[in-house]
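Take a look at the letters that make up each chain.
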Amino acid sequence: MKRITPLIAGLAVLSASTALASDRPAELEALGPPPIPADNPMTPEKIALGEKLFFDPILSGNYSMPCSACHLPDAGWAIQDKISFGYPGTTHWRNSQTIVNSAYYGKLFWAGASGSLEHQARSAARGGVAGNGEDDMMEARLAFVPEYREAFAEVFGDDWPNIRHAYDAIAAYQRTIVQTDTPFDNYMRGDDAALTEQQLRGLDVFTDKGNCVSCHSGPMLTNEAYYNLGVPPFDGWEDDPIAQITYRFELYAKGSTEEMYRTTKDDPGLYFRTKQSTDKGKFRVPSLRYTQYTYPYMHNGMLETLRDVVEFYNDGGGENEFSKNKSELIQPLGLSDGEMDDLVAFLESLSGEELLPAEPEIPVMQPLPAASN
């Protein structure tokens with residue numbers, strides 16, 4: 001296990017060689033430094049503030065759901081269960097995605113509902129089955145913490161903590177949670193010994209017979225497009241009444257016809273954003289990086305292991321309520337057991353050592369200073 005200090009790791013200059021050997025697959029790349037938006041520049045002070053806010057339950061409805069509640073460092077910065085934890089009294093309805101390397105995504109959440117980490121932080125903190133917080137309430141709480149008042153003044157020039165700046169700080173911290181030194185990255189930068197013989201065979205399957213690169217390409221190993229793979233529906237909706245309530249709440253809140261609300265038994269995915277029937281059951285292609293630690297897999301956690309994922313694709317995907325929208329790219333692969341073992345070994349090379357930071361000390365609320373006469 002690798003213990004890191006994200007504040008230092010995030011600001012370090014990546015100095016690894018970028019020289020590529022001629023035999024490296026052209027569809028794949030090593031991961032470089034994360035992009036930093038011009039309207040939210042990184043500073044050590046902002047990152048330190050964001051780190052505290054990430055682990056502090058102050059940004060939630062009942063003071064119990066920090067970002068880290070659903071993105072646990074020792075669980076792959078996610079949740080190692082089918083469905084993420086929900087706000088107390090509820091459950092979530094989708095699998096919790098890791099935040100490792102989320103700085104590189106152009107689309108956040110399984111259906112791409114957020115275009116930036118700043119917007120994602122706000123959506124999670126306010127989500128009905130996630131943080132369930134109200135901006136004015138969370139902002140008022142921050143004002144009762146002297147350390148936060150001082151930090152917001154120093155970093156943003158706020159007289160009192162501005163909740164939008166809290167989301168900026170969290171996003172800045174998340175951009176330090178990156179991993180660019182995996183065996184795969186080292187191999188792509190020219191280290192021929194970085195991958196084992198089995199992993200090299202798996203890389204060949206990935207780029208050739210398995211055709212994984214048709215969707216999992218580039219430095220993040222995702223084209224960020226949307227597909228229906230025929231993933232079976234979450235089995236908890238069959239017998240978990242709280243999960244059923246959450247599911248109906250999401251159908252209502254995100255917009256569906258009355259017929260859909262009453263009859264649909266599966267997650268419509270991208271449909272909620274486009275309202276196009278051809279998008280039902282489609283989800284954004286996730287990165288394959290850090291997946292050794294982020295089991296189970298798919299938008300609803302219905303595949304337990306990387307081997308299960310490989311077998312699922314080898315079988316030509318599955319069937320679900322929206323299978324008429326299933327991608328034509330998903331066809332039986334005809335891989336042997338050995339080829340599937342090799343492919344799993346390659347997928348494991350996309351993860352380095354676990355990123356396990358020491359959690360920061362969280363400041364406490366204190367009464368506001370008395371107003372002077």
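For clarity, every value in this text was computed on a predicted model and none was experimentally measured.

Brief notes about the pattern of salt bridges
When their charged atoms lie close together, side chains carrying opposite charge are able to pair.
Item 1. This model, assessed by the stated rule, comprises 17 salt bridges.
Item 2. For D135, the salt bridge identified is with R122, shortest N-O distance 3.7 Å. With D135 in helix 4 (residues 135–143) and R122 in helix 3 (residues 117–126), this pair connects stretches of sequence that are 13 residues apart.
Item 3. Here D135 falls in the buried class, since its relative accessible area comes to 14%.
Item 4. A relative accessible area of 22% means that R122 is categorised as partly exposed.
Item 5. A salt bridge links R307 to E311, with the shortest nitrogen-to-oxygen separation between them at 2.8 Å. Taken together, the residues span about one helical turn, with R307 and E311 both in helix 13 (residues 306–314) at a distance of four residues.
Item 6. Given the relative accessible area of 31%, E311 is considered partly exposed.
Item 7. A cluster of three or more residues bridged by salt bridges with shared partners is formed by R307, E311, D337 and D341.

A short note on the UniProt feature "domain: Cytochrome c" (unreviewed entry) in the protein
Item 1. UniProt records the feature "domain: Cytochrome c" (unreviewed entry) for residues 45–149 and 197–351 in the present numbering.
Item 2. As a span, residues 45–149 carries 32% helix and 0% strand, and end to end its C-alpha atoms are 13 Å apart.
Item 3. Summarising residues 197–351: 39% helix, 3% strand, and an end-to-end C-alpha distance of 17 Å.

Some thoughts on the environment of N101
Item 1. Residue placement: N101 occurs in the loop between helix 2 (44–55) and helix 3.
Item 2. Separated by 139 residues in the primary sequence, N101 and D240 place their C-alpha atoms 33 Å from one another.
Item 3. Filtering out sequence-adjacent residues up to four positions away, N101 remains in contact with L31, I177, V178, Q179, M220 and R289.
Item 4. Within the structure, the side chain of N101 is placed 2.9 Å from the backbone nitrogen of Q179, a separation counted as a polar contact.

Re unusual backbone geometry
Item 1. Note that the residue after Y295, namely P296, is joined by a cis bond; omega there is -5 degrees.
Item 2. Structurally, P296 can be placed in the loop between strand 2 (283–284) and helix 13.
Item 3. A positive phi angle, near 80 degrees, is found at M298, a position not held by glycine.
Item 4. Mapped onto the secondary structure, M298 falls in the loop between strand 2 and helix 13.

Brief notes about a nonpolar patch on the surface
Item 1. Taken together, the side chains of Y63, F144 and M365 make up a nonpolar region of the molecular surface, amounting to roughly 240 Å² of accessible area.
Item 2. For Y63, the location among the structural elements is in the loop between helix 2 and helix 3.
Item 3. Y63 gets classed as partly exposed once you look at its relative accessible area, which sits at 32%.

Quick notes on helix 5 (residues 146–156)
Item 1. Residues P146, Y148, R149, A151, F152 and F156 constitute the buried set of helix 5.
Item 2. Where helix 5 is buried, its residues meet helix 2, helix 4 and helix 6 (163–174).
Item 3. The positive-phi residue at the C-terminal boundary of helix 5 is G157, with phi of around 75 degrees.

A short note on the side chain of H92
Item 1. Secondary-structure assignment places H92 in the loop between helix 2 and helix 3.
Item 2. From its side chain, H92 meets the backbone nitrogen of R94 in a polar contact 3.2 Å long.
Item 3. In this structure, H92 is in contact with I83, S84, F85, G86, V129 and T246, ignoring residues within four places of it in sequence.

Here's the deal with the layout of surface pockets
Item 1. For the largest pocket, the calculated volume is near 1100 Å³.
Item 2. Lining the largest pocket are 49 residues, and of these H92, F109, S123, A124 and A130 sit closest to its centre.
Item 3. Elements with a minimum of two residues in the lining of the largest pocket: helix 2, helix 3, helix 10 (241–254) and helix 12 (271–274).
Item 4. Here the element with the most residues in the lining of the largest pocket is helix 3; it accounts for nine residues.
Item 5. Looking at the lining of the largest pocket, its residues break down into 24 nonpolar, 17 polar and eight charged.
Item 6. Volume-wise, the second largest pocket comes out at about 850 Å³.
Item 7. Every residue lining the second largest pocket is counted, 45 residues in all, and those nearest its centre are H216, P286, L288, M298 and Y313.
Item 8. Among the elements of the structure, strand 2, helix 13 and helix 14 (337–348) are those that each provide at least two residues to the lining of the second largest pocket.
Item 9. Take the lining of the second largest pocket: its biggest share by element is four residues, from helix 13.

About the cut-offs
Residues numbered from 1 in each chain as written. Predicted model: local features only at pLDDT ≥ 70, side-chain atom pairs only at ≥ 80, totals over all residues. Heavy atoms only, no water. Salt bridge = Lys/Arg side-chain N within 4 Å of Asp/Glu carboxyl O. Helix = DSSP H or I, 4+ residues; strand = E, 2+ residues; numbered from the N terminus. Buried < 20%, exposed > 50% of the residue type's maximum accessible area, 1.4 Å probe, protein only. UniProt positions renumbered as here; feature names shortened; annotations may be inferred. Contact = heavy atoms within 4.5 Å. Polar contact = N/O pair within 3.5 Å; in protein donor to acceptor, adjacent residues only side chain to side chain. Patch = residues over 30% accessible without salt bridge, like charges linked within 9 Å, V, L, I, M, F, W, Y side chains within 5 Å. Areas by Shrake-Rupley, 256 points an atom, 1.4 Å probe, with all protein chains shown as cover. 1 Å grid on protein atoms, 1.4 Å probe; cavity = no way out; pocket = protein on both sides within 12 Å on 5 of 7 lines; lining within 4 Å. Points joined across faces, edges and corners; volume = space filled by probe spheres on them. Nonpolar A, V, L, I, M, F, W, Y, C, P; charged D, E, K, R; others polar.

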